[in-house]
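Given next are the chains, with one letter for each unit.
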Amino acid sequence: MKKKGVSKKAVKRNTIGSKKIEAIKIIKKSSRVKTGVKNLDPLIQGGLKSSHINLVVGSAGSGKTIFAMQFLMEGLKAGESCIYITFEEKKEKLYHDMTVFGWNFDEYEKKKKLFYLEYNPEQVKSLIEEGGGTIDQIITEHKITRLVIDSVTSFSLLYQDELAKKEAGLALFGLINKWGCTAVLTSQATEIEDQLRGASLQFEADCIILLYHFKQKGERRRAIEILKMRGTNHTNKTMAIEIISQKGLVVFPNKVIDLKSNIN
Ligand SMILES: Nc1ncnc2c1ncn2[C@@H]1O[C@H](COP(=O)(O)OP(=O)(O)OP(=O)(O)O)[C@@H](O)[C@H]1O
Ligand SMILES: [Mg+2]
């Protein structure tokens, strides 16, 4: 007599089925993560690649922190959990500065959707040596999907020689990859020519976005360039970008900037 219940075949079918679901989940995971920056996503095949490490490089005041916060706010609005690690920004001041764009980070922190961590570079150094520490716990417990480090510059200054810097950078990237979050790391560059050299982590990053803040006829203007984005057919244009109240960063894709004739 045939036993009632689930047949071996059915179990096999279900296993295959669940494997399929897993595969779909993985495909979905590797799909695009919206940046929140107006008009940017259509130029980069829908957004940043999930689980990729993105470096946002620019001079002082070029909009790196605003970019990073806009990226976090996009996730928070979609119900995601996010983490912001900084060495420089003071929380109250930062949250207050962001309200001009209509972003209330305080509210998300209270709801335990946003985790704000102020670390000094030494603490990050030991964090790397420990292999994650408390951040590890927050990331798994709260299923963090978006991570920002603002900025990595002071961290890399901890290391004197290039080799040590590179090794520490690799260790940091290893940690972020282990966490699986989509990451935005900001990096300071003093001069426009330094944009590339300044980013010592440039080779390990999956994506590099450059923010320019240049002078034209006595007026500072802004531009954005996607220097590289692995696995993406991205725009090759350097385009005008503006910081606008209640909106944040807005890209103007049709305003192509010829930086060479503008840098002074
Ligand atoms: N409401 C606003 N409207 C227009 N521009 C604004 C507004 N708020 C801030 N800005 C511009 O954004 C700049 C600050 O941007 P942000 O803090 O993101 O720069 P940053 O690249 O992170 O700088 P740093 O290297 O100092 O950390 C200000 O200097 C100002 O020019
Ligand atoms: Mg900043």
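In this text the structure is predicted, and so the values were computed from the model without any measurement.

Participant: Whenever I open this one, the site of ligand 1 confuses me. Can you help?
Facilitator: In the vicinity of ligand 1, the residues found are Gly58, Ala60, Gly61, Ser62, Gly63, Lys64, Thr65, Ile66, Val100, Gln188, Ile243 and Ser245. No other element matches the three residues that helix H2 (residues 64-77) contributes to the shell around ligand 1. Considered class by class, the residues forming the shell around ligand 1 number four nonpolar, seven polar and one charged.

Participant: For this particular structure, what's the right way to read the nonpolar core?
Facilitator: What tends to happen in soluble globular proteins is that the nonpolar side chains get buried as a cluster. By size, the foremost hydrophobic cluster in this structure holds 64 residues, and its most contacted members are Leu72 and Val148. Sort the elements by how many residues they give to this core and H2 lands first, with eight residues. Sequence-distant contacts of leucine 72, defined by excluding residues within four places in its chain, comprise Cys82, Tyr84, Leu114, Arg146 and Val148.

Participant: Looking at this model, I keep getting lost on the sheet that holds strand E11 (residues 248-256). Mind explaining?
Facilitator: For sheets, the rule is that strands pair by backbone hydrogen bonds, running either parallel or antiparallel. Here we have nine strands laid out as an open sheet, ordered E5-E4-E6-E7-E3-E8-E9-E10-E11, and mixed in their pairing. The sheet is open, and its two edges are formed by strand E5 (114-118) and E11, each paired on a single side. Averaged over all neighbouring strand pairs, the angle between strand axes comes to 20°, with direction disregarded. Inspection of the sheet shows strand E6 (residues 144-150) paired to strand E7 (residues 182-188) by four bridges, in the parallel sense. Bridge assignment links arginine 146 to a residue of E7, and that residue is threonine 182.

Participant: Before we go on, may I ask you to explain H2 in this structure?
Facilitator: Owing to its 3.6 residues per turn, the α-helix brings residues three or four apart onto one side. Taking 1.5 Å per residue, 14 residues should reach 20 Å; H2 reaches 20 Å between its end C-alpha atoms and fits that length. Counting buried positions along H2 gives 13 out of 14 residues, so the element sits mostly inside the fold. Downstream of H2 by a residue or two, glycine 79 has a phi angle that is positive, lying close to 90°.

Participant: In this structure, what is going on with unusual backbone geometry? I would like to understand it.
Facilitator: For residues that are not glycine, phi is negative in most cases, and the peptide bond is trans in most cases. In the segment running from aspartate 150 into serine 151, the intervening peptide bond is cis, with an omega of -5°. Looking at the element boundaries, serine 151 is found in the loop between E6 and helix H7 (153-156). Notably, glutamine 246 is not glycine yet its phi reads approximately 65°, a positive angle. Relative to the assigned elements, glutamine 246 resides in the loop between strand E10 (239-244) and E11.

Participant: What is the right way to look at the pairing of E10 in this model?
Facilitator: Within a regular beta strand, the side chains point alternately toward one face of the sheet and then the other, so they alternate between its two faces. For strand E9 (residues 219-229) and E10, the ladder comprises two bridges, and the chain directions are antiparallel. By the bridge assignment, isoleucine 224 is partnered in E10 with methionine 239. Direction of pairing for E10 relative to E11: antiparallel, over a ladder of six bridges. In the sheet register, glutamate 242 faces E11, and the bridge partner there is valine 250. Connecting the antiparallel pair E10 and E11 is a turn made up of three residues, with glutamine 246 showing a positive phi of about 65°.

What counts and what doesn't
Residues numbered from 1 in each chain as written. Chains lettered and ligands numbered in written order. Predicted model: local features only at pLDDT ≥ 70, side-chain atom pairs only at ≥ 80, totals over all residues. Near = placed C-beta within 6 Å. Helix = DSSP H or I, 4+ residues; strand = E, 2+ residues; numbered from the N terminus. Nonpolar A, V, L, I, M, F, W, Y, C, P; charged D, E, K, R; others polar. Core = buried A, V, L, I, M, F, W, Y, C linked by C-beta atoms within 7 Å. Buried ≥ 20, exposed ≤ 12 C-beta atoms within 10 Å, placed from the backbone. Contact = placed C-beta atoms within 7 Å. Pairing = 2+ DSSP bridges. Axes fitted to C-alpha atoms, helices over the stretch in contact; angles between N-to-C directions. Expected span 1.5 Å × (residues − 1).

Function-wise, these values are silent; they only describe arrangement.
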